[in-house]
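The lines below spell out each chain.
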Amino acid sequence: MTYGIGLCVEESQVLFLLIFVVLQRDLKQIIPSFHSPVLTDGKPGRWPQLPSPVASGRKAKEIINAARENLAKMIGGRPQDMIFTSGGTESNNLVIHSVVKHFHKIHAAVGGTAEHPSPVEGALPHIITCTVEHDSILLPLEHLLEERVAEVTFVPVSKVNGQAEAEDILAAVRPATCLVTIMLANNETGVIMPVPEISRRVRALNQQRAAGGLPGVLVHTDAAQALGKQRVDVRDLGVDFLTVVGHKFYGPRIGALYIRGLGELTPLYPMLFGGGQERNFRPGTENTPMIAGLGKAAELVAENCEAYEAHMRDVRDYLEERLAAEFGKRIHLNSQFPGTERLPNTCNFSILGPQLQGRLVLAQCRTLLASMGAACHSDHGDRPSPVLLSCGVPLDVARNAIRLSVGRGTTRAEVDLVVQDLKQAVARLEGQA
């Protein structure tokens, strides 16, 4: 069975409401991209290795270049500023690795004198992030901190709006600060971060720092959660790096990284060394069919993003209306913050009650499969979400949290089934008390 992002599909009386898989309807457009275009005597051939002087190698190179162009178009960037990676974790680690290495390289070359010491003489590179980032940002930074390779400031998000506020980010800047990395939208609450404002203020600050002989501060955003749900444009965001994750917008499970002015304006240092693919920035034989699928998924987003967004917002709002109608004051919408924008697909809520922890409610559901938080953090067990706690959600409410994400094909009828299932699950739990 094929099921999709936020799509409810019934089979053997099981209703799946899932995120991060591929929707059958879009597979009809994406799957042909995985089929080898290389034919031998009318029969499908194999994907050739690159670089290759033969016709099949040239064809594969054309496919990769077309995918790169589609990715760039999706985010308003230049094709030459995109490199392919294995996914978001690699892209995020590559950014962190690069800025730390660049800091050491630049200051080893410039140095200082006894009369005029460097403003950052003896300092470790300093990185600023926030407390609700994905683990592929938080854990590498914690590792660098433990190994005394870098200093890191984890800025708390506001308990009023769930955002990492620009004023708090700028207040954390030090002479040795080299990177600010703030996600574009949170994967559990859907809260959209003020990345354009942060970028503008960092650029203004960089002008002052240059006059004082201080290193410039680069800005990175992990856009994984936002892509495919709202329009994303690197020109509006003003960032130096942007992480792309394919499976978040119905593509295959690979990724890419945008680097503003790659090799000219913004430094990038490879973590791997090998055959020289991706202009030596990310060597390794290209996964051509997956890249082709990623490019097609990006093309669909570029063409249809506004329609996707409008549909998801309509169905998500209907879901929240139905939850409020069925559970009344017992519903706490964890992802709603006054005056704060959020993604159109995300609904994070708690049903209040001492026996209604999210895990227990989902275990009682007969037709709904969902998560209490990020699916990639499912090994966190019964612990309440650190993201919700950081946003000021009380402990007893956070324990009851359930996150549902609607998708391009989710219908109101499917929402009705899900809400009824939740209502029956709560009744069973409270009947056992």
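Observations regarding helix α6 (residues 195-211)
Over its 17 residues, α6 runs 25 Å from end to end, which matches the ideal 24 Å to within 8%, given 1.5 Å per residue. Of the residues making up α6, those classed as buried are Val195, Ile198, Ser199, Val202, Leu205, Asn206 and Arg209. The arc that holds every buried residue of α6, seen down its axis, measures 130°, which confines them to one face. Across α6 from its buried face, at more than 90 degrees, point the exposed residues Gln207, Gln208 and Ala211. Looking one or two places after α6, you find Gly213, whose phi comes out positive at around 75°.

Quick notes on the packing of helix α2 (residues 55-75) against helix α8 (residues 288-327)
Viewed as axis vectors pointing N to C, α2 and α8 meet at an angle of 35°, and their least axial separation amounts to 8 Å. Helix-helix and strand crossings are classified by hand; for α2 and α8 the assignment is left-handed. Within the contact between the two elements, α2 uses Ala60, Ile63, Ile64, Ala67, Asn70, Leu71, Lys73 and Met74 and α8 uses Thr288, Ile291, Ala292, Leu294, Gly295, Ala298, Glu299, Val301 and Ala302. Its residues placed into classes, the contact of α2 with α8 shows 12 nonpolar, three polar and two charged.

Observations regarding the pairing of strand β11 (residues 255-259)
Of all five residues making up β11, five are buried, and the element is well covered by its neighbours. On β11, burial covers both faces: Gly255, Leu257 and Ile259 on one face and Ala256 and Tyr258 on the other are all buried. Relative to β11, strand β10 (residues 241-245) is paired through five bridges, and the arrangement is antiparallel. Following the sheet pairing, Val245 is matched in β11 by Gly255.

Here we look at the packing of aromatic side chains
In the structure shown here, the tally under the stated rule is zero aromatic pairs. Directly above the aromatic system of Tyr250 lies the positively charged group of Arg408, at a separation of 3.6 Å from the ring centroid.

Describing the sheet that holds strand β13 (residues 346-351)
Backbone-to-backbone hydrogen bonds join strands into a sheet, with any given pair of strands oriented parallel or antiparallel. Reading across from one edge, β12-β13-β14 is the order of the three strands in this open sheet, with antiparallel pairing throughout. Where the open sheet ends on each side, the last strands, each with one partner, are β12 (331-333) and β14 (401-405). Sheet twist, expressed as the mean angle between neighbouring strand axes with direction ignored, is 30°. As paired strands, β12 and β13 are joined by three bridges and run antiparallel to one another. Directly across from His332, in β13, lies its bridge partner Ser350. Together, β12, β13 and β14 form the strand contacts of α8, whose direction differs from that of β13 by roughly 10°.

Reading the values: the criteria
- Residues numbered from 1 in each chain as written.
- Predicted model: local features only at pLDDT ≥ 70, side-chain atom pairs only at ≥ 80, totals over all residues.
- Heavy atoms only, no water.
- Helix = DSSP H or I, 4+ residues; strand = E, 2+ residues; numbered from the N terminus.
- Expected span 1.5 Å × (residues − 1).
- Buried < 20%, exposed > 50% of the residue type's maximum accessible area, 1.4 Å probe, protein only.
- Arc of directions from axis to C-beta.
- Axes fitted to C-alpha atoms, helices over the stretch in contact; angles between N-to-C directions.
- Left-handed = near helix turned anticlockwise from the far one by under 90°.
- Contact = heavy atoms within 4.5 Å.
- Nonpolar A, V, L, I, M, F, W, Y, C, P; charged D, E, K, R; others polar.
- Pairing = 2+ DSSP bridges.
- Phe/Tyr/Trp six-rings, centres within 6.5 Å; stacked < 30°, edge-to-face > 60°.
- Lys NZ or Arg CZ within 6 Å of the ring centre and 35° of its normal.

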